[in-house]
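Residue-level listing of the chains:
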Amino acid sequence: MSEHYFSESPTSPDERGLIRTKLRGFDFEFETSSGVFSHKRVDSGTRLLVESMTLPERGRVLDLGCGIGVVGIVAARLNPALEVWMTDVNSRAVSLAESNTKRNGVKATVRQGNLYEPVGGAKFDLIITNPPMSAGIDAVVRPMIKGAPAHLVGGSAFQLVVQSNKGGRTLSGIIDETFGNFEVTSRGGGFRVFTAKRP
Ligand SMILES: C[S@@+](CC[C@H](N)C(=O)[O-])C[C@H]1O[C@@H](n2cnc3c(N)ncnc32)[C@H](O)[C@@H]1O
């Protein structure tokens, strides 16, 4: 059976690759591997999220389900005053996210674990995610959304990208139910970015 990109400990051969790309006007290099999400190129949803994300001026940002670290690394590059955390369940992704921070000359705290478990009681000024839809909405994505308010300071934001015709309506419903508000802050290529504010 083929392995999923959200395996905790991938057993597929660790075949490395390098993605060179421009995001938000800066050049980045990301080392990738088989067994992680988007191992050939930056995913279109990730790109839309990165190009449209609204970063706080200061404080902590969580890239939840960071994969090889694209979102968190761009955030750290755009605003070095931020304390960026990146977490993922996949050990290979976490190890690449960690080395990719160094490769791109930024600092971030990178931790492995399920959902919000690796951040403990930490609170954030922004939680941003391209969620693992293939891991299951009820099993993983709903708890990612439902768990967000407890890890956000008042007045902060939650941003999520999803393919409009692959769960977009369901996720917007869960976000609305959780936060009592949401806006579509960006759209393109069949994806939408939803932004909700923690009251
Ligand atoms: C769609 S990918 C996005 C990766 C990266 N943020 C990007 O945009 O390139 C979702 C990520 O969530 C991770 N993931 C899956 N289940 C998880 C869980 N229970 N807790 C934390 N991360 C999880 C996967 O391993 C994967 O790296």
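Bear in mind the structure is a predicted one, so any value in this text is a computation, not a measurement. (Residues numbered from 1 in each chain as written. Predicted model: local features only at pLDDT ≥ 70, side-chain atom pairs only at ≥ 80, totals over all residues.)

A.B. asks: So what's going on with the site of the ligand? Which residues, and what values?
C.D. replies: Around the ligand sit 21 residues, and of these Phe6, Thr46, Gly65, Gly67 and Asn130 come closest. Tallied by class, residues from the shell around the ligand come to twelve nonpolar, seven polar and two charged. (Near = placed C-beta within 6 Å. Nonpolar A, V, L, I, M, F, W, Y, C, P; charged D, E, K, R; others polar.)

A.B. asks: Mind laying out helix α5 (residues 164-179), listing which residues take part and the relevant values?
C.D. replies: Relative to the 22 Å expected for 16 residues at 1.5 Å per residue, α5 spans just 20 Å between its end C-alpha atoms, considerably shorter than the ideal helical length. When α5 is considered as a whole, its buried residues turn out to be Leu171, Ile174, Ile175 and Phe179. Where the residues of α5 are buried, they touch α4 (137-146), β7 (152-163) and β9 (191-197). Where α5 ends, the next residue or the one after it, Gly180, has phi of about 75 degrees, a positive value. (Helix = DSSP H or I, 4+ residues; strand = E, 2+ residues; numbered from the N terminus. Expected span 1.5 Å × (residues − 1). Buried ≥ 20, exposed ≤ 12 C-beta atoms within 10 Å, placed from the backbone. Contact = placed C-beta atoms within 7 Å.)

A.B. asks: Account for the pairing of strand β3 (residues 60-64), naming residues and giving values.
C.D. replies: Counting buried residues along β3, five of its five residues qualify, which places the element largely inside the surrounding structure. Neither face of β3 is open: one carries Arg60, Leu62 and Leu64, the other Val61 and Asp63, and all of them are buried. Sheet topology places β3 next to strand β4 (residues 83-88); five bridges connect them, and they run parallel. Bridge pairing in β4 links Asp63 to Met86. A crossover connection joins β3 to the parallel β4 through helix α2 (residues 70-78); in handedness this β-α-β unit is right-handed. As defined by bridge partners, β3 adjoins strand β6 (residues 124-129) across three bridges and the pair is classed as parallel. Bridge assignment links Val61 to a residue of β6, and that residue is Leu126. (Pairing = 2+ DSSP bridges. Right-handed = clockwise from strand over helix to strand, strands pointing away.)

From the geometry alone we can't say anything about function, so treat these as descriptive.
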